[in-house]
Amino acid sequence: MEIVETKDYEEMSILAAEKVIDRVLKQPQITLALPTGHTPVGLYKRLVEDHRKNETPYQDVITFNLDEYTDLSPDHPNSYHYYMNHHFFQHIDIQEKHAHLPDGTARNLDLECERYEELILKHGGVDLQILGIGQNGHIGFNEPGTPLNSRTHVVKLSESTRKANSRYFHSLQDVPYHAITMGLATIMNSKKILLLASGAHKSATMFRFFHEAVTPDFPATILKHHPNVTVIADRPALKEANVTRGM
Ligand code: F6R
């Protein structure tokens, strides 16, 4: 595992954007898997700036988002469809039909999970998976206790995750109770993984990530079994980590 420490959030975002742009230029038909949340906002901002300035092309890029809430329509301001359009898709030249998110409003959610998983496979799997990490070690919406061999599935959100995400909603009651997420095995199938972490509130998380054995109790630990992971984290997030950094 490669671990890169950056000074701060800005530098983390710039470095992550450089890596993504480099891959898109080398492989214009790349399949990316994308997270939402606070962490990647700066990355998307840099990608948009670069697209405006240098016209990095996204016409042939395919994207799959990691997750989506159930019961929120795509135009709901708290849906991940909305987030992705707002922060990224509407500012670049990606084709709408190439930008995939799970449909949290599907009548049969289990079938939707199967469809999503098959669609990823049909595109030859994910080339570059970008991840954030929840304070309890979740990746996507794979909460502690999620089986390590899970595929795209419906999850019941933990109260800590609902509370953490309620900052984006009017109130905690408005936060959905369920979501669709790529599973841990889906994530592990990606050819390359970029894990981003920023802020002192992630420092205990990063300590556990680096020092705990692989366990469903802290789902992100599964990434230790992946042969091609780069962690880009800022100094506050790594302040307790006690690991060797290097490019
Ligand atoms: C969202 C996702 C989540 C977030 C995690 C960290 O698509 O996959 O696992 O990455 O909750 O969220 P932030 O970045 O807001 O700290």
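As shown above, the structure is provided for reference.
Residues numbered from 1 in each chain as written. Predicted model: local features only at pLDDT ≥ 70, side-chain atom pairs only at ≥ 80, totals over all residues. Heavy atoms only, no water.

Draft legend 1. How the structure looks around the environment of Leu238. Within the fold, Leu238 resides in helix α8 (residues 235–238). Spatially, the C-alpha atom of Leu238 lies 8.5 Å from that of Gly199, the residues being 39 residues apart in sequence. Apart from residues lying up to four places away in sequence, Leu238 is in contact with Ile3, Val4, Glu5, Met206, Phe210, Ala233 and Arg245. (Helix = DSSP H or I, 4+ residues; strand = E, 2+ residues; numbered from the N terminus. Contact = heavy atoms within 4.5 Å.)

Draft legend 2. Region of the structure containing the sheet that holds strand β8 (residues 178–181). Taken in spatial order, the three strands of this open sheet run β4-β8-β7, and their pairing is antiparallel. A single partner strand is all that each edge strand has here, and the edge strands are β4 (67–69) and β7 (153–156). Averaged over all pairs of adjacent strands, the angle between strand axes in this sheet comes to 25 degrees, irrespective of strand direction. Of the pairings in the sheet, the one linking β7 to β8 comprises four bridges and is antiparallel in character. In the strand pairing of β8, His153 is matched with Thr181. Along the sheet face, helix α4 (residues 109–122) touches β7 and β8 and points at about 125 degrees away from the line of β7. (Pairing = 2+ DSSP bridges. Axes fitted to C-alpha atoms, helices over the stretch in contact; angles between N-to-C directions.)

Draft legend 3. Representation of the nonpolar core. Judged by nonpolar contacts, the single largest core of 40 residues is most densely connected at Val20, Leu43, Leu47 and Phe88. Among the elements of the structure, α1 (9–26), β2 (31–34), α2 (41–54), α3 (80–87), β6 (128–131) and β9 (192–197) are those that each provide at least two residues to this core. Looking at which element gives the most residues to this core, the answer is α1, with eight residues. The residues touching Phe88, leaving out its near neighbours within four places in the chain, are Leu34, Tyr44, Leu47, Val48, Tyr58 and Tyr83. Within the second largest apolar cluster, 33 residues are counted, among which are Ile139, Ala197, Leu238 and Ala241. (Core = buried A, V, L, I, M, F, W, Y, C linked by side-chain atoms within 4.5 Å. Buried < 20%, exposed > 50% of the residue type's maximum accessible area, 1.4 Å probe, protein only.)

Draft legend 4. Structural context of the site of the ligand. In the vicinity of the ligand lie 16 residues, with Thr39, Asp67, His138, Gly140 and Lys202 positioned nearest. The separation between an oxygen atom of the ligand and a polar side-chain atom of Thr36 is 2.8 Å. Contact distances for the ligand include 2.4 Å between an oxygen atom and a side-chain N or O atom of Thr39. (Near = heavy atom within 4 Å. Polar contact = N/O pair within 3.5 Å; in protein donor to acceptor, adjacent residues only side chain to side chain.)

Draft legend 5. The environment of Thr105, seen in detail. Summarising the element assignment, Thr105 is placed in the loop between β5 (99–100) and α4. With relative accessibility at 41%, the residue Thr105 sits in the partly exposed group. C-alpha of Thr105 to C-alpha of Ser73: the two residues are 32 residues apart in sequence and 6.5 Å apart in space. Contacts of Thr105, omitting those with residues within four sequence positions, involve Leu72 and Ser73. One polar contact links Thr105 to Asp103, side chain to side chain, over a distance of 2.6 Å.

Draft legend 6. Fine view of the sheet that holds strand β3 (residues 62–65). The strand order across the open sheet built from seven strands is β1-β10-β9-β6-β2-β3-β5, with neighbouring strands paired in parallel fashion. Each edge of the open sheet carries a strand with a single partner, namely β1 (2–6) and β5. Sheet topology note: the β2/β3 ladder contains four bridges and is parallel. The residue bridging Leu32 from the neighbouring strand is Thr63, located in β3.

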